[in-house]
Structure formats: C-alpha cells, structure tokens
Amino acid sequence: MSEPSRDAHLSNDASRKAAERRIRNRALTIGVSVMPFGLSFGAVSVEAHLSLVQVCLLSLVLFSGASQFALVSIIGAGGSYFSAVGTALLLGVRNGLYGARINALLRPGGWRRLVTAEATIDESTAMAVSESRSGHAARAFWSTALSVYVLWNASTIVGALVGNALGSPATTGLNVAGPAAFIALLAPRLTTIRMRLVALGSGAVALVTVPVVPVGAPILIGGLTAVALLLVFDR
C-alpha cells in the first residue's frame, strides 16, 4: 500500500471511530434523559390501577411515551377506553409520518420492517436524520432506539415497583412528567406563526370542552381540531 493510500485509510478509520463514539455518547445521553419520564409513567400507571404486567406490556409493545401517558392518564381519570385509545392513536400518527422518512433512509426489508416500525420514535428518527449526511443514519437510528428502549422499559418497571412506596404521584411531583413530556414534544415544533396559532386554537377548544364532555375527550377533540386547522391553513 502506498503512503498516500495508507494515510487516507487511517484518516477514514479515525473519522469512522469518531462518528461511532459521537453517536454512542448521544444515544446514551438520550436514553438516560427519558428515564425520569419512564419512572413517572410506571408510578402513574400503578396509580391508575394497572397491573405490573399491563404497565410493562405498554412500554414493551406500544413504546411511545406521549401515547402511553395519554392512555394511562385518561384511564386513571375515569375516562372511557374509547377516548384513551383514540387519543393514544392520534398522538401515534406522527410515528407513521416518521416511518416514511426512516424507510427512505434505511430501506429495511422483510422482517426488519416490523422491527424498524417498532423502533421509529421521535429520538431515533431525529438521530437518523441528523446523521444522514455523514452516512451513519442506520447506526444512529439503532443505537438510539436500543438505548431508549432498554432504559425506558427499565425505568418503567422501577417506577411501577416503587410507585406504592413513593405514594401518590401528585405528592411526589411525578404527575407533572406527563404534561412536561407533551410540552417537550410540542415546543420545538412551534417554529412558525401558523403552528403557534394551531396550538393555541386547539388548546383553547380542548379547555372549553372540559366541562361538557367526558373525561379524556377534550384531548381527542383538541387533537382533531389541530388537524382541521392545519388543513384550513394549508388551503
């Protein structure tokens, strides 16, 4: 191997290792950051009278924090299963939109499509997109998905197991993690006047309907209002 070729090889190897280290550190940081929400979800779920098995299955199978919090919060407040499931599904629509982008980036085939669909969440999608130009989108996606999946489920179990010992989530402050998760999910997307108007309008409609509709329905109505407003603004 000539000297220029050897130097180029060493440079590429160093660049690859640096990218792997960067992705690994970011993925672990993201995974750790979801743990407080996982603890809260476990505690809130127990408070809503879900069994440990049910709590674990929600995190293992549904694996969507905002949808899980919405589902459990509505059930815990006495809302209908229709409102709870409908709201969770509405919040999960964004994952389907992410799926189109991830499919274009990773091109999964066969059974991998199912696994990729399960792992397509806010964090893994953001990491994959951010590394698309570097050529490390797949590594970023799977590293982040694995980190979040393991730590989210582990913290959910811990939260459920110690939920009774911690007392009511309201007295420990864990009950605010659900609304905080929604705000953290929504705030970065309100970058235009149109999106801010949609958020304000749908939020106002949800608040107005609280006294007159069943528990959980205001969230569903607010979400549908947001979709309707977006369609109107896009005309």
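Heads up: the structure comes first, above all this text.
Procedures and definitions
- Residues numbered from 1 in each chain as written.
- Predicted model: local features only at pLDDT ≥ 70, side-chain atom pairs only at ≥ 80, totals over all residues.
- Heavy atoms only, no water.
- Helix = DSSP H or I, 4+ residues; strand = E, 2+ residues; numbered from the N terminus.
- Buried < 20%, exposed > 50% of the residue type's maximum accessible area, 1.4 Å probe, protein only.
- Contact = heavy atoms within 4.5 Å.
- Areas by Shrake-Rupley, 256 points an atom, 1.4 Å probe, with all protein chains shown as cover.
- Axes fitted to C-alpha atoms, helices over the stretch in contact; angles between N-to-C directions.
- Left-handed = near helix turned anticlockwise from the far one by under 90°.
- Nonpolar A, V, L, I, M, F, W, Y, C, P; charged D, E, K, R; others polar.
- Parallel < 35°, antiparallel > 145°, perpendicular 65-115°, else oblique.

A. View of the overall build of the protein. Scanning the protein for helices and strands turns up twelve helices and zero strands. Its helices and strands in sequence order give the protein the pattern α-α-α-α-α-α-α-α-α-α-α-α, from N to C terminus. In the protein, which comprises 235 residues, the proportion classed as buried is 37%. Taking the intrachain contacts of the protein between residues at least 6 apart in sequence as the baseline, contacts between residues at least 24 apart amount to 71%. For the protein, the accessible area works out to roughly 13,200 Å², and carbon and sulfur atoms hold 69% of it.

B. Structural view of the packing of helix H5 (residues 81–106) against helix H12 (residues 217–233). The interhelical angle for the contact between H5 and H12, taken along N-to-C directions, is 35°, at an axis separation of 8 Å. For H5 against H12, the interelement crossing comes out left-handed. Side by side, H5 and H12 meet where Phe 82, Ser 83, Gly 86, Thr 87 and Leu 90 of the first sit next to Ala 217, Ile 219, Leu 220, Gly 223 and Leu 224 of the second. Tallied by class, residues from the contact of H5 with H12 come to six nonpolar, four polar and no charged.

C. Structural view of the packing of helix H4 (residues 65–76) against H5. Between H4 and H5, whose axes approach to 8 Å, the crossing angle comes to 165°. Relative to H5, H4 is oriented roughly antiparallel. Here H4 runs over H5; the crossing is right-handed. In this structure, H4 contributes Ala 66, Ser 67, Ala 70, Leu 71, Ile 74 and Ile 75 to the contact, and H5 contributes Tyr 81, Ser 83, Ala 84, Val 85, Thr 87, Ala 88, Leu 91, Gly 92 and Arg 94.

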